[in-house]
Amino acid sequence: MSGTEETVLLTTAAFDARFPNTNQTKHCWQNYVDYYKCISARGEEFAPCKQFFKAYHALCPNEWISKWDEQREEGTNPSNFSV
Amino acid sequence: MGFGIFLKANPALAPLFLFAGGGCAAAVAYPLYLLRTHPEIQLDKKNNPYPWQHIKQHQNIKFINATPDFYAGRKLLERPSY
């Protein structure tokens, strides 16, 4: 065992008063849409957008993320990603 | 007319009609109230498509709140914005 220990910070999506109930579907969707709106408004390198990215990766089932990503690439995603 | 006469003949039944009538009124009024205030119901798709966005981070939308300090402490939180 090495002498140095790194502390790993584990976080998940923070509490959002807009979605206080067990059903977090809309929370997941809202973060997904907000991330892509953030990207299109501020560019991919804008650091605060990462908060939305981490939130939707924590909340959304991976199948939904890949389905929405495919739809986005095809242009068939019904959500509005423009600010 | 017939109801008034019936009630005068049986005054002991008045509380029954009071509470049952109140319950019926509540059964009508509560859904209408929800239509107006619930954050997940979209009524006006054009002007208010996302009603849940109006909820502030220090606002509690549930009926019972066992930890009011939690919400009070969120008054200074800023919404991550882009």
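Please read all numbers here as calculations on a predicted model, not as lab measurements. (Residues numbered from 1 in each chain as written. Chains lettered and ligands numbered in written order. Predicted model: local features only at pLDDT ≥ 70, side-chain atom pairs only at ≥ 80, totals over all residues. Heavy atoms only, no water.)

(A) Examining the overall build of chain B more closely. Assigned secondary structure in chain B consists of three helices and zero strands. Reading the helices (α) and strands (β) of chain B from amino to carboxyl end gives α-α-α. On C-alpha atoms alone, chain B measures out to a radius of gyration of 22 Å, which is more than a quarter above the 12 Å that the 2.2 N^0.38 rule sets for 82 residues. If one aligns the C-alpha atoms of chain B with their principal axes, the spans along those axes are about 70 × 35 × 10 Å. By the burial criterion, 9% of the 82 residues in chain B qualify as buried. Surface exposure of chain B reaches about 6800 Å², of which carbon and sulfur atoms provide 66%. Separation between the mean location of the 9 positive side-chain charges and that of the 4 negative ones in chain B comes to 9 Å. (Helix = DSSP H or I, 4+ residues; strand = E, 2+ residues; numbered from the N terminus. Rg over C-alpha atoms; globule rule 2.2 N^0.38 Å. Buried < 20%, exposed > 50% of the residue type's maximum accessible area, 1.4 Å probe, protein only. Areas by Shrake-Rupley, 256 points an atom, 1.4 Å probe, with all protein chains shown as cover. Lys, Arg positive; Asp, Glu negative; His and termini not counted. Charge placed at Lys NZ, Arg CZ, Asp CG, Glu CD.)

(B) Spotlight on a nonpolar patch on the surface. Residues and elements named next belong to chain B. Together, Phe3, Phe6, Leu13, Leu16 and Phe17 give the surface a local cluster of nonpolar side chains, amounting to about 440 Å² of exposed area. Along the chain, Phe6 turns up in helix H1 (residues 2-9). A residue is classified by how much of its surface remains accessible, and Phe6, at 37% relative accessible area, is partly exposed. (Patch = residues over 30% accessible without salt bridge, like charges linked within 9 Å, V, L, I, M, F, W, Y side chains within 5 Å. Salt bridge = Lys/Arg side-chain N within 4 Å of Asp/Glu carboxyl O.)

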